[in-house]
Structures are given as C-alpha cells and as structure tokens.
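Okay, here's what each chain looks like letter by letter:
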Amino acid sequence: MYDTRGGDRRCTCDLFYDRLNTQQRSEQISILDQLTANKPANYARMLCVHGGQGVGKTTFGAGCPQPALLPIEMGYRDIDFPMVFPLQTSFMQLYGTVMQLDAEESLPFKTLVIDSADWVEALIEQQLDDENFKRDYGRGVAEVGARFKTFLDALRHLNRKHNVMIVILSHSRLAKVELPTGGSYDQWQPKLSKKANEYLVEAVDEVGFAHHETIVRKENSGFKDRGVGVTTGRRMLSLTPSAAYVAKNRARQGVQVPENVELNFESYLELFYKKGE
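Just so you know, these numbers come straight off a predicted model, no measurement behind them. (Residues numbered from 1 in each chain as written. Predicted model: local features only at pLDDT ≥ 70, side-chain atom pairs only at ≥ 80, totals over all residues. Heavy atoms only, no water.)

Draft legend 1. Geometry of the packing of helix α3 (residues 91-103) against helix α4 (residues 117-130). At their nearest, the axes of α3 and α4 sit 8 Å apart, and the two run at 125° to each other. It follows that α3 is oblique to α4 by the angle criterion. On α4, the residues touching F91, M92 and L94 of α3 are V120, L123, I124 and Q127. Classifying every residue of the contact of α3 with α4 gives six nonpolar, one polar and no charged. (Axes fitted to C-alpha atoms, helices over the stretch in contact; angles between N-to-C directions. Helix = DSSP H or I, 4+ residues; strand = E, 2+ residues; numbered from the N terminus. Parallel < 35°, antiparallel > 145°, perpendicular 65-115°, else oblique. Contact = heavy atoms within 4.5 Å. Nonpolar A, V, L, I, M, F, W, Y, C, P; charged D, E, K, R; others polar.)

Draft legend 2. Up close: unusual backbone geometry. A cis amide bond, omega 10°, links D115 with the succeeding residue S116. Following the sequence through the fold, S116 ends up in the loop between β4 (111-115) and α4. A positive phi angle is found at N132, which is not glycine, with a value near 55°. Assignment of secondary structure puts N132 in the loop between α4 and α5 (139-162).

Draft legend 3. Representation of a nonpolar patch on the surface. Side chains of I31, L32 and L35 sit close together on the surface and give an oily, nonpolar patch of about 360 Å² of accessible area. Here L35 shows up in the loop between α1 (12-27) and β1 (46-51). The exposure class assigned to L35 is exposed, which follows from its relative accessible area of 65%. (Patch = residues over 30% accessible without salt bridge, like charges linked within 9 Å, V, L, I, M, F, W, Y side chains within 5 Å. Areas by Shrake-Rupley, 256 points an atom, 1.4 Å probe, with all protein chains shown as cover. Salt bridge = Lys/Arg side-chain N within 4 Å of Asp/Glu carboxyl O. Buried < 20%, exposed > 50% of the residue type's maximum accessible area, 1.4 Å probe, protein only.)

Draft legend 4. Up close: the packing of aromatic side chains. Overall, the coordinates contain six aromatic pairs when judged by the stated rule. Geometrically, the ring pair formed by F209 and Y245 is stacked, given 5.1 Å between the ring centres and 15° between the ring planes. Placement of the pair is F209 in strand β7 (residues 206-220) and Y245 in the loop between β8 (225-238) and β9 (261-262), with a sequence separation of 36 residues. For F209, a relative accessible area of 9% corresponds to the buried category. (Phe/Tyr/Trp six-rings, centres within 6.5 Å; stacked < 30°, edge-to-face > 60°.)

Draft legend 5. Examining the environment of Q187 more closely. Summarising the element assignment, Q187 is placed in strand β6 (residues 184-190). Linking Q187 and S242, residues 55 residues apart in sequence, is a C-alpha distance of 8.7 Å. Within the structure, the side chain of Q187 is placed 3.1 Å from the backbone oxygen of S242, a separation counted as a polar contact. (Polar contact = N/O pair within 3.5 Å; in protein donor to acceptor, adjacent residues only side chain to side chain.)

Draft legend 6. Quick peek at the pairing of β1. Of all six residues in β1, six are buried, a share of seventy percent or more. Direction of pairing for β1 relative to strand β5 (residues 165-178): parallel, over a ladder of six bridges. Residue pairing for β5: L47 is matched across the bridge by V167. Pairing of β1 with β7, which is carried by five bridges, proceeds in the parallel orientation. Residue pairing across strands places C48 opposite V207, the latter belonging to β7. (Pairing = 2+ DSSP bridges.)

Draft legend 7. The nonpolar core, seen in detail. Judged by nonpolar contacts, the single largest core of 34 residues is most densely connected at L112, I114, V120, F148, L155, I168 and L200. Sorting the residues of this core by element identifies β1, β2 (67-71), α3, β4, α4, α5, β5 and α6 (194-203) as the ones contributing at least two each. At seven residues, α5 tops the list of elements feeding residues into this core. Ignoring sequence-local partners within four residues, the contact set of L112 consists of A68, L70, F85, L101, L155, L158, M165, I166 and V167. Counting 24 residues, the second-largest nonpolar core is a separate cluster that includes F60, A62, L169 and L237. (Core = buried A, V, L, I, M, F, W, Y, C linked by side-chain atoms within 4.5 Å.)

Listed below in structure tokens is the structure:
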C-alpha cells in the first residue's frame, strides 16, 4: 500500500517508521534506556484450585493469609472464615463487588477467595438469559467466554493494585482431550466451557488439582487379579502438568515442584514464596 496524500508515493510502513523516529528524537529517549533487570521476588499470586466435591478446596482457601470469601455458592457454611461477603446472586453484583474493592485505598484482607468459578459462569449464563441474548452460531459461547475474561481481568487488576492473593476455586469435570496427531484421552479439568477454561488457566500463576490420595491394591477374585482403589485419607494438591488433570505452576528457576503436596497453604507457601523477602 502507498500513501498518495500530498503526492507522497512511499510505502505506508516507511512513513510509519519516519514518524516513529521523529517522535523518538523529539523525546530524546532510546528504547535501550528502558531496559531493566528482573530479579525474582515474592508477590501476591493468583491460584486456581479445582477438584471434586468435598475434597477440601474451600478449606484450603480458609487457610490462606487473612482470607476474605466472595461466595457464589453456599459450600462454606461449615468452614471458619474471618471475613465473608454477601452471597453474590448475579454477575452484575459480583463484578460490581470486585470493582468496588479495587477502588478502595486499602483492603483489610490479604487473600480473596472466589467460590467458585463454575458458578461465576452460571451467573453469566443467567445474565445472557435475562438479556435475551441470541446464542446462535456460537455467539453465546463466545460471549460467555468474553464476560468471564472481563471478570478475570478485574481480579488481576485487584491483585496487582492491592497486592492481594487471589484464590479461585472450581469444581472439576472429566473432559475428552483430542490430540492434533490423532487419538484422545480423558482429563480432569475445571468445570467450565472451553473458552472460559482457557482464559482461567492462562490468567493464573498456578493451577492445582485437589484430590484424595488413592492407591491401587490388587485382589484375587478367583480367576484373575483385579485392581481396587483405596483412599489413604490424605488430601493432596497436584501442581505439575499431567495428562490426567489440568495443572500448571510458575516456580522459580531451580525449584523442583513435586507431583503432589499436602492440600494446605503451608505446602504451597514453601514452593512459591522465598523466605526473607
């Protein structure tokens, strides 16, 4: 393409770089002057914990530093929480609560626990129904994902502005993963639509799969051995990627994250926060 305004026949990309160079010369700032070094330091993280019902996800959130619960469901009633916001019954109320918190000069808590992500998505679905939003041709799925991402962006801004940890809880579902090379397998994932799930995993620093530790014991049924699953009573959190479940971590260089840790904040703290910082 060429810009013919004023008789100038140069390529528009050349004109762009001319203007950019002129601007940089006028400001007397080199892009190299903006280079900085990055040294890892402790910061308030964003974490998603997903798992089955009753595994201890909300209890994990209650064990985080000075936690405040932002509930969308009622699964917290038997758990001791020092600070609990009113039950959020619409997406507009929920999003408004986060924005009001962001506008505060300071916050009385260090951790905000969202319980739970799949119920957030249900509130968005309810909002679309109330708006009579047309969902044909995939527009409904796209709109749910877009509004869910807006909510995540608001949480990220709150996290960075106020240096508060964000813990997003979610139930899990068994989903089929299709390999690009052919074949498929089942994987435990946050119980969300595809787009919302992708946005959630991308937005947070860690994704942990909460589960009861289970071992397989062989028993002889008379004809052949068969495997029997036996739970040990321990509740575990898996933070390393696996084909069996969705997980991720942003551990510091040199930190080895084990396949499973105890499902409590202290175990998480040892991996992702350096003492003395």
